[in-house]
Amino acid sequence: MTEILTITLNPALDLSTSAPQVVPGPKLRCAAPVVEPGGGGINVSRVVHILGGASRCLVALGGKTGERLGALLGAAGLDVVAMPAPGETRQSLAVTDDGSGAQYRFVLPGPRWGEGDVAAALQLAQDTATANAIVVVSGSAPPGVPVDFTARLTAALTPQGARVIADTSGAALAHLAEGGRAAMPEILRMDSEEAEGLAGRALPERRDSADFAASLVARGAARQVIVARGADGSVLASGDGHWHVLAADVPVRSKIGAGDSFVGAFTFALARGDTPDRALAWGQAAASATVTTEGTQLCPRALVQELLPACPVTPL
């Protein structure tokens, strides 16, 4: 397999629990919490590992929470490349209302980075990534990290043959979507809400999402663009065509980690030599498997394989 490196600048110690009812005012007596490592790139590496692949996981860790998170990553069998964060690693909390099934998610911002921290992360990523590796930049950026971080990383890694997969949001996504750079990510992924924000209009149909994704490819935002459409699956546009993958019809318990699971399985499939359309099926099967699990749990390998036939890919 092609080597995979994931980058997580803003990891989190994820706690998930439930309460009979989530209401303001009284103390809420919760169930025993489930504690798991969290953050986009970390989850991508976890999914690659679940599916039988291997990756290196570059993570910024700080303070006692960072130590605890690092221990969880080691216990999960991940190959961790740790760098010091400029402050305490953040935590996140997900609470499910047992009565309604509604899920409430509380996510803290993480420590503020300076330019020296950013430069150190860029250098470590460049030193760690092997020639021709797939490098996944996923998850939110900590406060202080500039919007052009992924563009700078791509420019640094492209000369050594690396392919960058970017799954970001907000101003960082808008910056990548501008395109016009000689070095561009191999894959740029976003959800429908993010795509509609960039497009400035609704994208109600699959073809609408595919056409918008193709416009981003044409302006040089990435060589391939994926737009996730929730229960309607995902579309992928590249210079070779447009495809849609159907999401499996499964009961939804928690959507946490579904996007990361998609990217993890998609990356796993690419790394072993699958074509992008086949990788699209693996990504969607993993996302569909993850939403069936509780809290912050990710996709079981057997269920991903079981759901693959329920995620057909068709040209658009």
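An unreviewed UniProt entry annotates the protein as Phosphofructokinase of Thalassococcus arenae.

### Focus: helix α7 (residues 206-218)
With 13 residues, α7 ought to run about 18 Å at 1.5 Å a step, and its terminal C-alpha atoms sit 18 Å apart, in line with that. Those residues of α7 hidden inside the fold are in contact with α5 (170-177), β10 (187-191), α6 (192-199), β11 (224-228), β12 (234-238) and β13 (241-245). Taken from the residues just after α7, Gly220 is the one with a positive phi, measuring 85°.

### Quick word on the packing of aromatic side chains
Across all of its chains, the model carries two aromatic pairs by this definition. Relative to Phe266, the ring of Phe262 lies with its centre 6.0 Å away and its plane at 10°, an arrangement referred to as stacked. Of this pair, Phe262 and Phe266 both sit in helix α8 (residues 258-271), separated by four residues, roughly a single helical turn. Relative to Trp282, the ring of Phe268 lies with its centre 5.8 Å away and its plane at 65°, an arrangement referred to as edge-to-face. Residue Phe268 is found in helix α8, and its partner Trp282 is found in helix α9 (residues 276-290); the two are separated by 14 residues along the sequence.

### Let's talk about the pairing of strand β8 (residues 134-138)
In terms of burial, β8 is largely enclosed, as five of its five residues are buried. Going residue by residue along β8, you find Ile134, Val136 and Ser138 tucked away on one face and Val135 and Val137 tucked away on the opposite face as well. Alignment of strand β1 (residues 4-8) against β8, held across four bridges, turns out to be parallel. Looking at β8, one finds that Thr6 is bridged to Val136. Inspection of the sheet shows β8 paired to strand β9 (residues 163-167) by five bridges, in the parallel sense. Residue pairing in the sheet places Val136 in a bridge with Ile165 of β9. Assessed by its sense of winding, the connection that carries the chain from β8 through helix α4 (residues 149-157) to β9 is right-handed.

### What to know about the side chain of Thr292
Along the chain, the position of Thr292 falls in the loop between α9 and α10 (301-307). A polar side-chain atom of Thr292 sits 2.6 Å from the main-chain carbonyl oxygen of Ala289.

### Here we look at the UniProt feature "domain: Carbohydrate kinase PfkB" (unreviewed entry) in the protein
Feature annotation in UniProt assigns "domain: Carbohydrate kinase PfkB" (unreviewed entry) to the following positions: residues 26-299. Helix makes up 38% of residues 26-299 and strand 22%, whereas the separation of the span's terminal C-alpha atoms amounts to 35 Å.

### Describing the pairing of strand β2 (residues 12-19)
Most of β2 is tucked away, with eight of its eight residues classed as buried. With five bridges connecting them, β2 and strand β3 (residues 34-38) associate as antiparallel partners. Each residue of the ladder has a partner; that of Ser16, found in β3, is Val34.

### What about the sheet that holds strand β7 (residues 103-107)?
The strand order β3-β2-β6-β7 describes an open sheet built from four strands, whose pairing is mixed. One side of each edge strand has no neighbouring strand; the edge strands of this open sheet are β3 and β7. For this sheet, the mean angle separating the axes of adjacent strands, direction not counted, is 20°. Where helix α2 (residues 63-75) meets the sheet, its contacts fall on β2, β3 and β6 (90-97), and the angle it forms with β3 comes to roughly 90°.

### Thoughts on helix α3 (residues 115-128)
Every α-helix carries 3.6 residues per turn, so stepping three or four residues along brings you back to the same face. Over its 14 residues, α3 extends 20 Å from the first C-alpha to the last, a length consistent with the 20 Å expected when each residue adds 1.5 Å. Looking at the buried positions of α3, the neighbouring elements they touch are β1, β4 (56-61), β5 (79-84) and α4.

### As for the environment of Arg46
Within the secondary structure, Arg46 is located in helix α1 (residues 40-50). Arg46 sits 90 residues away from Val136 along the chain, and the two C-alpha atoms are 13 Å apart. Non-local contacts of Arg46, meaning those with residues more than four positions away in its chain, are made with Glu36, Pro37, Leu78, Thr296 and Leu298. A distance of 3.1 Å separates polar atoms of two side chains, one belonging to Arg46 and the other to Asn43.

Cut-offs used in this document
- Residues numbered from 1 in each chain as written.
- Predicted model: local features only at pLDDT ≥ 70, side-chain atom pairs only at ≥ 80, totals over all residues.
- Heavy atoms only, no water.
- Helix = DSSP H or I, 4+ residues; strand = E, 2+ residues; numbered from the N terminus.
- Expected span 1.5 Å × (residues − 1).
- Contact = heavy atoms within 4.5 Å.
- Phe/Tyr/Trp six-rings, centres within 6.5 Å; stacked < 30°, edge-to-face > 60°.
- Buried < 20%, exposed > 50% of the residue type's maximum accessible area, 1.4 Å probe, protein only.
- Pairing = 2+ DSSP bridges.
- Right-handed = clockwise from strand over helix to strand, strands pointing away.
- Polar contact = N/O pair within 3.5 Å; in protein donor to acceptor, adjacent residues only side chain to side chain.
- UniProt positions renumbered as here; feature names shortened; annotations may be inferred.
- Axes fitted to C-alpha atoms, helices over the stretch in contact; angles between N-to-C directions.

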